[in-house]
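Below, each chain spelled out in residue letters.
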Amino acid sequence: MMTGAKRKRSTVWRKIQAVRLEDIKAWCMRRLPILTWVPVYNWKENLVPDTVSGMMLAIQQVTQGLAFAVLSSVHPVFGLYGSFFPVIIYAIFGMGRHVATGTFALTSLISANAVERLVPSVRTNFTANNNSGILGLSEFEMQRIGVAAAVSFLGGIIQVVMFMLQLGSATFLLTEPVISAMTTGAATHVVTSQVKYLLGMKMPYISGPLAFFHIYAYVFENIRSVQLEALLLSLLSIVVLVLVKELNEKFHRNIKVVLPIDLLLIIATSIACYYADMEYVYGIEVVGNIPKGLPSPKAPSMSVLPEVVTEAFGVALVGYVASLALAQGSAKKFKYTVDDNQEFLAHGLSNVIASFFFCIPSAAAMGRTALLYSTGAKTQVACLISCVLILVVIYTIGPLLYWLPMCVLASIIVVGLKGMLMQFRDLKKYWNVDKIDWSIWVSTYVFTICFAANVGLLYGVVCTIAIVIFRFPRAKTLNLKNMKEVEYKYKVEDNYESLKQVKIVSVNSPLVFLNARKFHADLLKIIQKDGMSSQCEQNTLLCSFSNGSCHGELVQPCHSERHVLILDCSGLNFFDYTGVSVLLQIYVDCKNRYIDVLLAHCKGSLIKAMQYGGNLDSENPVFFESISSAIDAIRIHRNYSKFSEQSEL
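Here the structure is a predicted model, which means the values were calculated and not measured.

## With respect to the confidence of the model for the chain
- Looking at the chain, pLDDT values average 82 and 83% of them are 70 or higher.
- Considering each helix and strand of the chain separately, the mean pLDDT is smallest for helix 26 (residues 535-545), with a value of 43, and largest for helix 6 (residues 85-93), with 95.
- This stretch, residues 123-130, has a pLDDT under 50; its non-local contacts, to residues over four places away or in other chains, come to 24 contacts.
- Of the regions scoring below 50 in pLDDT, residues 534-560 engages in 40 contacts with residues more than four places distant in sequence or in other chains.

Okay, here's the thing in C-alpha cells:
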C-alpha cells in the first residue's frame, strides 16, 4: 500500500509531466514581455527614433540620478547605478513601452527618512575623498547606501508578494484625484527638501509629522545664514531651465532633437565652478568625487530590514501607484494594454535585483516618460540605449562631475517636478465635475504635506471607500420604463387592454448589502405610485415591505385581474447574498398580493442563486431572455385564461 508521502510525490510528478512545452512557452511570453516585442521589432522604422530618444533620456537619467541620490541622502554615484540596473530589468519584465523607470523623487524622499534615522550625520558634504571603503568611498557613505538598498530590497519584495497575491486588480481604489493629490503633495515635499541647497544653508535633517512647516520655520529663523552666491546661482539656473524647456515644448514639433539644457547647464556650471574655485572662495557645496566603474554585487544588510518596514511599504505603494498611472496613460495614448499585476512584478524585480548593486529605490518618473513621448520613442529600446550611454558616463565622464554645484542639482530637481506641481490646475476640473472629488483632492494633499506621501495615499483610499459606502446606498437603483420604450413585435395599441396592468422596472445598479434596503424602498414607491394594486392590496404590501406589523383585522386582497411586474435585470452587473434575499422577498410578497414578478435579461449566476434560494413558482416561468419574451408569455397566459373562462360558460 502506497504511503501518503509517496502518493503525494507521485501526484506532483504527474503534474510536472503533464506540463507541455506550449504551456511553458505561453508562461514565458506572459511573464517576459520582451519576448513578445523584440522578435517583431521594426529596426528600419523604430531604431532611429528610439536612438534619438535614448540619447536624450540618458542626459536626463544622469542629471536626475545624481540629484535624486542626494535627495535620498546617499552619495550621488549611487544615483547613476539606479539609472542603469532598474532600467534594464524593467525593459525585460515591464509592459509599458514608453515608461522610463529609474531613480524617482518620491521614493528617494521616503528612503531618505530611513537613511537619516539609522545613519545620522552632522554634515552632508560629498567632497571628502576618503578611500577607506568600497568604491573609494568612506565607510559612512557605504552604511548609508546599505540602508537605502535595504529599503529598495524590502520594497521590491513587497511588490513581488503583491504580484503573487494578484493585488493589481485592487488598483481601482486608486482614483485619479487621490493619485493626483498624493503626487502633488509629495512633489511639494521634494521642493521643500531642496530649499537648503537652493539657499546654500547648513540645515539639520528634519522629518516626521509637520516637518514641512518646521523646515520653513527653520529657514525664516535663520534667514541671515543664506548664502547669496548659491541663491543667485540657483535663481539663474531655474530661470534658464524653465525658459529653455518652455521653448523646447513650444517648438518640439518643428525640431526632432530638443536642446539638452540640463546637460549644458551641468557642464557650464561645473567649468565655472572649477575655474572660479567657487568651493573654496565662496563656500559653494559641490558634488565631490565620483568613483569610476560598476560595483560588485553584494546582498543588502538583512539586519536592517525590520527597521525599514515602514519606508519599504511607502516605496512599494507610492512607487507602484505613480508608475502604474504613467504606464496606463502611455498604453491609452498609444493603444496597447498593460497588465496591472505584471507591473507589480516588473517594478518589484527592478528594486530587488538592483538593490544588490547599491541602488536606491526606483520607479517611473513623469518627466522622463514625457520626454519619451515628445522625442518619438517607440519601444523600450530607447531606455536600453540610454543605459549604454549611462555606462559610458560611469566609466569615463563621472569623475569630471566633481565640481558640479549642489544648488544647480537642486534647481534641476525643482524644475523637473514642474509637471507634478502643475496638477494644481486639476482643482478647477474637479470643482466643475464633482465637489466631493475636489474635497478628496484637497484633503489628500493636506494630509500628504502634513505627514508623508504614503500616509496621504492611505488617507485618500480610505476616504474614497468611505464616500462610496455613503453615496452608494443613496444612488438611484430603479427606473420605471414606458411601454413605448420596449421593443415589442406587437403594436401596443392592439394589446393595450391586456398590457395596461404590466409595469416594467429597470434595475440600474448592482444589488448588494449597501443598497439592498434602498432598492426595496424604491420598488415600493413605484408600485404605490403607479397603482399596481387596489387600496386593500397596497396596505398589506406596505406592511410587508416595511417589515412592520399591521394592527387590526387584515383586509382581504381584492379579487381583480392580477398585475405583473417585470424587472429588467440587464443593469444588475453583480450581487451578493443580501441582494438575492431581497429579490426573493419581493417575489414572495408580491405573489401574496396578487402581483406576478417576472425577471428579464438575467445572468445565469443570478438565476442559479435565486433558484437555490427557493420559494419560486415551479408551475409558471419566472426568468426570461428579454422583456419581449416576458410580455409574450403574459399575453399568451391571459388569452388562455379568457379562453378557459369562455369554455366553462
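## Description of the packing of aromatic side chains
- Counting across every chain of the model gives 19 aromatic pairs.
- Taking 4.9 Å as the distance between ring centres and 80° as the angle between the ring planes, the aromatic pair formed by Tyr41 and Trp43 counts as edge-to-face.
- Relative accessible area serves as the criterion here: at 56%, Trp43 is assigned to the exposed category.
- Taken together, the ring pairs connect Tyr274, Tyr275, Tyr402 and Trp403 into an aromatic cluster.
- Residue placement shows Arg97 over the ring face of Tyr336; its charged tip is 4.3 Å from the ring centre.
- The ring of Tyr373 carries Lys333 above its face, with NZ or CZ at 5.7 Å from the centroid.

## As for the state of the cysteines
- Applying the stated criterion across every chain yields a total of zero disulfides.
- In this structure Cys569 is a free cysteine whose sulfur lies 3.9 Å from that of Cys602, the closest cysteine sulfur available.

## What about the side chain of His189?
- Along the polypeptide, His189 turns up in helix 9 (residues 176-193).
- From its side chain, His189 meets the backbone oxygen of Thr448 in a polar contact 2.7 Å long.
- If sequence neighbours within four positions are ignored, His189 has contacts with Leu109, Phe212, Thr448, Ile449, Phe451 and Ala452.

## A closer look at the environment of Ala181
- Structurally, Ala181 can be placed in helix 9.
- Judged by its relative accessible area of 0%, Ala181 is buried.
- In sequence terms Ala181 and Ser443 are 262 residues apart; their C-alpha atoms lie 8.4 Å from each other.
- Residues in contact with Ala181, not counting those within four places in the same chain, are Trp441, Thr444, Tyr445 and Thr448.

## Concerning a nonpolar patch on the surface
- Where nonpolar side chains cluster on the molecular surface, the patch consists of Leu263, Ile267, Ile271, Tyr274 and Tyr275 and spans about 540 Å² of accessible area.
- By the element assignment, Ile271 lies in helix 13 (residues 261-276).

## Things to note about the packing of helix 22 (residues 435-450) against helix 23 (residues 453-471)
- The N-to-C vectors of helix 22 and helix 23 enclose an angle of 155°; their axes lie 8 Å apart at closest approach. It follows from the interaxial angle that helix 22 and helix 23 lie roughly antiparallel. Handedness of the crossing formed by helix 22 with helix 23: right-handed. Contacts from Ile436, Ile440, Ser443, Thr444, Phe447 and Thr448 of helix 22 reach helix 23 at Ala453, Val455, Gly456, Tyr459, Gly460, Cys463, Thr464, Ile467 and Arg471.
- Taken together, the residues that form the contact of helix 22 with helix 23 break down as eight nonpolar, six polar and one charged.

## A few points about helix 22
- Under the 1.5 Å per step criterion, the end-to-end length of helix 22 is 23 Å for 16 residues, consistent within 8% with the ideal 22 Å.
- Those residues of helix 22 that fall on the buried side of the exposure criterion are Ile440, Trp441, Ser443, Thr444, Tyr445, Thr448, Ile449 and Cys450.
- Check the buried side of helix 22 and you find it contacts helix 9, helix 11 (211-221), helix 21 (426-433) and helix 23.
- N-cap assignment for helix 22: the residue whose side-chain oxygen lies 3.1 Å from the backbone N of Ile436 is Asp434.

## Overview of the nonpolar core
- Of all hydrophobic cores here, the largest spans 126 residues; its most connected members are Leu66, Val74, Phe78, Ile145, Val190, Leu409 and Leu417.
- Residue contacts for Ile145: discarding those within four places in its chain leaves Val74, Phe78, Phe358 and Ile360.
- Listed in part, the 27 residues of the second largest apolar core include Leu572, Val580, Val582 and Leu584.

## Considerations on the packing of helix 4 (residues 43-71) against helix 18 (residues 381-397)
- At a closest axis distance of 7 Å, the pairing of helix 4 and helix 18 adopts a crossing angle of 50°. Accordingly, the angle class assigned to the pair helix 4 and helix 18 is oblique. Relative to helix 18, helix 4 is oriented so that their crossing is right-handed. Contacts between helix 4 and helix 18 involve Asp50, Thr51, Ser53, Gly54, Met55, Leu57, Ala58, Gln61 and Val62 from the first element and Val381, Ala382, Cys383, Ile385, Ser386, Leu389, Ile390 and Val393 from the second.
- In terms of residue class, the contact of helix 4 with helix 18 is made up of eleven nonpolar, five polar and one charged.

The rules behind each value
- Residue numbers restart at each chain and count upward from 1, following the sequence in its written direction.
- Side-chain atom pairs in this predicted model are given and counted only at pLDDT of 80 or more, local residue features only at pLDDT of at least 70, and totals for whole chains, interfaces and linings cover all residues.
- Think of the side-chain values as coming from all heavy atoms in the structure, minus any hydrogens and water.
- pLDDT measures how confident the predictor is about each residue, on a scale from 0 to 100.
- Labels follow the DSSP assignment, with helices taken as runs of H or I lasting at least four residues and strands as runs of E lasting at least two, numbered in each case from the N terminus.
- Between two residues, a contact is recorded if the distance between any of their heavy atoms is within 4.5 Å.
- Side-chain rings of Phe, Tyr and Trp (the six-membered ring for Trp) are treated as a pair once their centres are within 6.5 Å; stacked means planes under 30 degrees apart, edge-to-face means over 60, and tilted covers the remaining angles.
- Using a 1.4 Å probe on the protein chains alone, a residue whose accessible area is under 20% of its type maximum counts as buried, one over 50% counts as exposed, and one in between counts as partly exposed.
- A ring is scored as having a charge over it whenever the NZ atom of a lysine or the CZ atom of an arginine sits within 6 Å of its centre and within 35 degrees of its normal.
- Any cysteine sulfur atom paired with another within 2.5 Å is treated as part of a disulfide.
- Polar contact is the term for a pair of N or O atoms within 3.5 Å; when the atoms are in protein, one must be able to donate a hydrogen and the other to accept it, and sequence-neighboring residues count only if both atoms are side-chain atoms.
- A residue counts toward a patch only above 30% relative accessible area and without a salt bridge, and it is joined to like-charged neighbours within 9 Å or, for Val, Leu, Ile, Met, Phe, Trp and Tyr, to nonpolar neighbours within 5 Å.
- All accessibility values rest on the Shrake-Rupley procedure with a 1.4 Å probe; residue burial counts only the protein chains present in the view.
- Note on definitions: salt bridges are taken to be side-chain nitrogens of Lys or Arg within 4 Å of carboxyl oxygens of Asp or Glu.
- Angular values range over 0 to 180 degrees, each being the angle between N-to-C directions of two axes fitted as lines to C-alpha atoms, with helices fitted over their stretch in contact.
- An angle below 35 degrees is read as roughly parallel, one above 145 as roughly antiparallel, one from 65 to 115 as roughly perpendicular, and any other as oblique.
- What makes a crossing left-handed is the near helix being turned counterclockwise from the far one by less than a right angle; a clockwise turn instead makes it right-handed.
- When residues are sorted by character, Ala, Val, Leu, Ile, Met, Phe, Trp, Tyr, Cys and Pro go into the nonpolar class, Asp, Glu, Lys and Arg into the charged class, and all the rest, Gly among them, into the polar class.
- Here the expected length of a helix is defined as 1.5 Å per residue gap, with one fewer gap than residues.
- Remark: nonpolar core denotes a set of buried residues (Ala, Val, Leu, Ile, Met, Phe, Trp, Tyr, Cys) joined through side-chain atoms within 4.5 Å.

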